[in-house]
Amino acid sequence: MTSTSAHREAPARPGAQESPVSVGRPAAARDREIPDLVHPVFETISLSVSYGDYMAVRDVDLKIGERQITALIGPSGCGKSTVLRALNRMNDLIPGAHVHGRVSYHGQDLYASHIDPIEVRRRIGMVFQKPNPFPKSIYDNVAYGPRVHGRTAGLDETVERALTRAALWDEVKDKLRQNALSLSGGQQQRLCIARTIAVYPEVILMDEPCSALDPIATLRIEDLMHDLAREFTIVIVTHNMQQAARVSDRTAFFTAEVDEQGVRHGRLVEYDRTTTIFGKPTDKRTEDYITGRFG
Ligand SMILES: Nc1ncnc2c1ncn2[C@@H]1O[C@H](COP(=O)(O)OP(=O)(O)OP(=O)(O)O)[C@@H](O)[C@H]1O
């Protein structure tokens, strides 16, 4: 745990269950009401993803709730990013990648032949590990998506709204024509979030969005995630268990299992409310992982 994350730990509440690991979360997140998954945004049924002959992840059944933050955690190579990319058809862009089973989005098969993957990626945006602004102005970065989609009416308002939602407007409003690469790493990542928001997505997928950032910039992104979850469904891949515990409502723990041929395949081990996964997991493998005995 970083010193900053320790700094943010909420004081223990009387009667609160002791977690096997110290996983402080802001009180607001702890107290958040987490509705049941009656009408999930995503439902994967027996989702498996292969790269050529290699089955990277197998038989994942997962429901993701609307306007909830869902964290995917687990040791390196267990298929977290692969599953994340299956949720907006990003794996389509990887030669040899193949998705098996079903991924439904609001009950609709995301991989049906009539579904346009470009529209899928507009509605289900993605933020990557390394901030990747275009070498263009701050304004043009945010305006890029709306322009591509032909939504140029009210562009200034769209850019301002997206930068405001990404908690960056006050820092950049006087230098919108400046090159985005002049921003700090944390600002660049918030700009990438603004770029994603600018095309009015419903879901934001985040693949280790803070791993290239310092602790202060990380906390800003985590706070931002809490704000964004009022409006968007968020799925985050993170290596940082304290981060998963701080930001997410539900957590899916994956691991890699070795088959008879000695090949490793990712599997979903346990999925539940984050407080349960970190406080009272049912599977020994989850407990071993979150207590640091494995992985
Ligand atoms: N483009 C690809 N081509 C071939 N194999 C891949 C590709 N991407 C991932 N893999 C393999 O699929 C498996 C799962 O990878 P993935 O990146 O999804 O795991 P992860 O849990 O996100 O790992 P990490 O935490 O290290 O990022 C790994 O064995 C990886 O080597």
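Just so it is clear, the model here is predicted, and its values are computed rather than measured. Just so you know, the residues in each chain are numbered from 1, in the order the chain's sequence is written. It should be noted that, the model being predicted, local features are given only for residues of pLDDT at least 70 and side-chain atom pairs only at 80 or more, the latter also being counted only at that level, while totals for whole chains, interfaces and linings use all residues. Heavy atoms from the whole structure form the basis of all side-chain values; hydrogens and water molecules are not counted.

A.B. asks: Honestly, the overall build of the protein in this entry has me stumped. Any pointers?
C.D. replies: In terms of regular secondary structure, the protein is built from 12 helices and 10 strands. A separation threshold of at least 6 residues defines the contact pool for the protein, and within that pool the share at least 24 residues apart is 69%. Working definition of accessibility: Shrake-Rupley area with a 1.4 Å probe, residue cover restricted to the visible protein chains. Approximately 13500 Å² of the protein is accessible, and the part contributed by carbon and sulfur atoms is 49%. Per the convention used, a helix needs a DSSP run of H or I reaching at least four residues, while a strand needs a run of E reaching at least two, with both numbered from the N terminus. A contact between two residues is defined here by any heavy atoms of the two lying within 4.5 Å.

A.B. asks: Please explain the site of the ligand as it appears in this structure.
C.D. replies: Around the ligand, 15 residues are found, and the nearest of them are S76, G77, K80, T82 and H239. Whenever two N or O atoms come within 3.5 Å, that pair is a polar contact, provided that in protein one can donate a hydrogen and the other can accept it, and provided that, for residues adjacent in sequence, both atoms are side-chain atoms. C78 places a polar main-chain atom, nitrogen or oxygen, 3.1 Å from an oxygen atom of the ligand. Here an oxygen atom of the ligand and a side-chain polar atom of H239 are 2.8 Å apart. For the ligand, whose free accessible area comes to 630 Å², the fraction covered by protein is 65%. Breaking the shell around the ligand down by element, the ones donating at least two residues are β2 (54-64) and α3 (80-86). Here the element with the most residues in the shell around the ligand is α3; it accounts for 4 residues. Classes in brief: Ala, Val, Leu, Ile, Met, Phe, Trp, Tyr, Cys and Pro nonpolar; Asp, Glu, Lys and Arg charged; the others, Gly included, polar. Considered class by class, the residues forming the shell around the ligand number 6 nonpolar, 6 polar and 3 charged. Consider each residue's heavy atoms; a residue with any of them within 4 Å of a molecule or strand counts as near.

A.B. asks: Before we go on, may I ask you to explain the pairing of strand β7 (residues 203-207) in this structure?
C.D. replies: Note on strand geometry: in a regular strand, side chains alternate between the two faces of the sheet. Exposed residues in this analysis have more than 50% of their type's maximum accessible area, buried residues have under 20%, and partly exposed residues fall in between, with area computed by a 1.4 Å probe over protein chains only. Counted residue by residue, β7 has 5 buried out of 5 residues, so it is predominantly covered. Burial of β7 is two-sided: the residues V203, L205 and D207 facing one way and the residues I204 and M206 facing the other way are all buried. Pairing between strands is defined by DSSP: at least two bridges between the two strands are required. The pairing of strand β6 (residues 124-127) with β7 spans 4 bridges and is classified as parallel. Residue pairing across strands places V127 opposite M206, the latter belonging to β7. Handedness of a crossover is defined as follows: orient the strands so they point away from the viewer, and if the path from the first strand over the helix to the second runs clockwise, the crossover is right-handed. A crossover connection joins β7 to the parallel strand β8 (residues 233-237) through helix α9 (residues 215-228); in handedness this β-α-β unit is right-handed.

A.B. asks: Would you explain the side chain of T158 in this entry?
C.D. replies: Mapped onto the elements, T158 comes out in helix α6 (residues 155-165). Excluding residues that lie within four positions of it along the chain, T158 makes contacts with P146, A198 and Y200.

A.B. asks: Help me understand the packing of aromatic side chains, please; the structure alone is not making it clear to me.
C.D. replies: Side-chain rings of Phe, Tyr and Trp, where Trp is taken by its six-membered ring, are said to pair if the distance between their centres is within 6.5 Å; with planes under 30 degrees apart they count as stacked, over 60 as edge-to-face, and otherwise as tilted. Summed over all chains, the structure comprises 3 aromatic pairs. Between F42 and Y105, the aromatic rings sit 5.3 Å apart at their centres with planes inclined by 45°, giving tilted as the arrangement. Of this pair, F42 sits in strand β1 (residues 42-51) while Y105 sits in strand β4 (residues 97-105), placing them 63 residues apart in sequence. With a relative accessible area of 0%, F42 lands in the buried category. Distance and angle both matter: a charge sits over a ring if NZ of Lys or CZ of Arg is within 6 Å of the ring centre and within 35 degrees of the ring normal. The ring of Y139 has R177 lying over it, and the distance from NZ or CZ to the ring centre is 4.4 Å. Lying over the aromatic face of F134, R195 brings its terminal NZ or CZ to 4.2 Å of the ring centre.

A.B. asks: Would you take a moment to explain the pattern of salt bridges for this structure?
C.D. replies: Close approach of charged atoms lets side chains of opposite charge pair. Criterion for a salt bridge: a side-chain nitrogen of Lys or Arg within 4 Å of a carboxyl oxygen of Asp or Glu. In the structure shown here, the tally under the stated rule is 15 salt bridges. Residue R123 is joined to E119 by a salt bridge in which the shortest nitrogen-to-oxygen separation is 3.2 Å. Linking R123 with E119, this pair stays in helix α4 (residues 117-123), spanning 4 residues, or about one helical turn. Residue classification places E119 among the partly exposed positions, given a relative accessible area of 27%. A salt bridge links K173 to D170; the shortest N-O distance between them is 3.6 Å. Since its relative accessible area comes to 38%, K173 is described here as partly exposed. On the basis of relative accessibility, which here comes to 61%, the residue D170 falls in the exposed class.

A.B. asks: Would you explain the pairing of β4 in this entry?
C.D. replies: In the sheet, β1 pairs with β4 via 8 bridges, with the strands oriented antiparallel. Its bridge partner being in β4, S50 is matched across the sheet by H98. Summarising the sheet, β4 and strand β5 (residues 108-109) pair through 2 bridges and their orientation is antiparallel. Bridge pairing in β5 places S104 opposite D109. Connecting β4 to the antiparallel partner β5 that follows it, the hairpin turn spans 2 residues, and H106 within it adopts a positive phi of roughly 50°.

Don't take any of this as a statement about function, it's just geometry.
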